[in-house]
Amino acid sequence: MSDSTTPSRLTHLDEASCRQLLASHDVGRVAINGEPAPEVLPVTYAVRGGDVIFRTAEGVKQIAAERGIAATFEVDGVDADRRSAWSVIARGHLESADGARFDDLPEPLAGGDRPHLVRFVVRELSGRRIRPEEGWARAMTGRSWSGPDASDLMG
């Protein structure tokens, strides 16, 4: 339990660290406004030219891309043993990338035919991290949890 004199373990990540973390993973979640409630859907993705590219079947994501709908994309990492985590949120919009060529995209986890390419155009990035509790940094040989970039968060 902490009190008001205990410094927060929550810190904000700079844009370069957010970009580094976003590009270092291949599974994230896209959030799209829907009716009756927002849709949050996992996707396998790659970052190309600063934007997020993923495959999808016909449905919510493909329709949102055709309509240029605003969306949010999130990727994160958690280390439950050290009680630490990080999260990157991208804000932007979806657009169809059908016709573009991306040979090296990760295979969708769900498998199946996913013939449509979607580009999540990143307009704004933000991120946060929760540093490990006191004592963990000393026990982690070769790991720095206070570096200026995201290299210590990429495991």
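Cut-offs used in this document
Residues numbered from 1 in each chain as written. Predicted model: local features only at pLDDT ≥ 70, side-chain atom pairs only at ≥ 80, totals over all residues. Heavy atoms only, no water. Helix = DSSP H or I, 4+ residues; strand = E, 2+ residues; numbered from the N terminus. Buried < 20%, exposed > 50% of the residue type's maximum accessible area, 1.4 Å probe, protein only. Contact = heavy atoms within 4.5 Å. Areas by Shrake-Rupley, 256 points an atom, 1.4 Å probe, with all protein chains shown as cover. Core = buried A, V, L, I, M, F, W, Y, C linked by side-chain atoms within 4.5 Å.

K.L.:
Whenever I open this one, the overall build of the chain confuses me. Can you help?
P.N.:
Secondary structure summary: the chain contains three helices and eight strands in total. Per-residue burial for the chain yields a buried fraction of 36% across its 155 residues. Contacts spanning at least 24 positions in sequence make up 67% of the contacts within the chain whose residues lie at least 6 apart. Here the chain displays about 9,200 Å² of accessible surface, and carbon together with sulfur accounts for 49% of that area.

K.L.:
Sorry if this is basic, but what is going on with the nonpolar core here?
P.N.:
General note: in soluble globular proteins, nonpolar side chains tend to be found buried as a group. Core analysis: the biggest nonpolar cluster contains 23 residues, and Val30, Val52, Phe54, Phe73, Val88, Leu94 and Phe120 have the highest contact counts within it. The set of elements that each furnish at least two residues to this core consists of helix H1 (15–23), strand S2 (27–32), strand S5 (51–56), helix H2 (60–67), strand S6 (70–79), strand S7 (84–96) and strand S8 (116–130). With residues near it in sequence (within four places) discarded, phenylalanine 73 still touches Leu22, Gly28, Arg29, Val30, Val43, Tyr45, Val52, Val88, Ile89, Ala90 and Phe120. In this structure, Ala46, Ile53, Ala97 and Phe102 belong to the second largest nonpolar core, which totals six residues.

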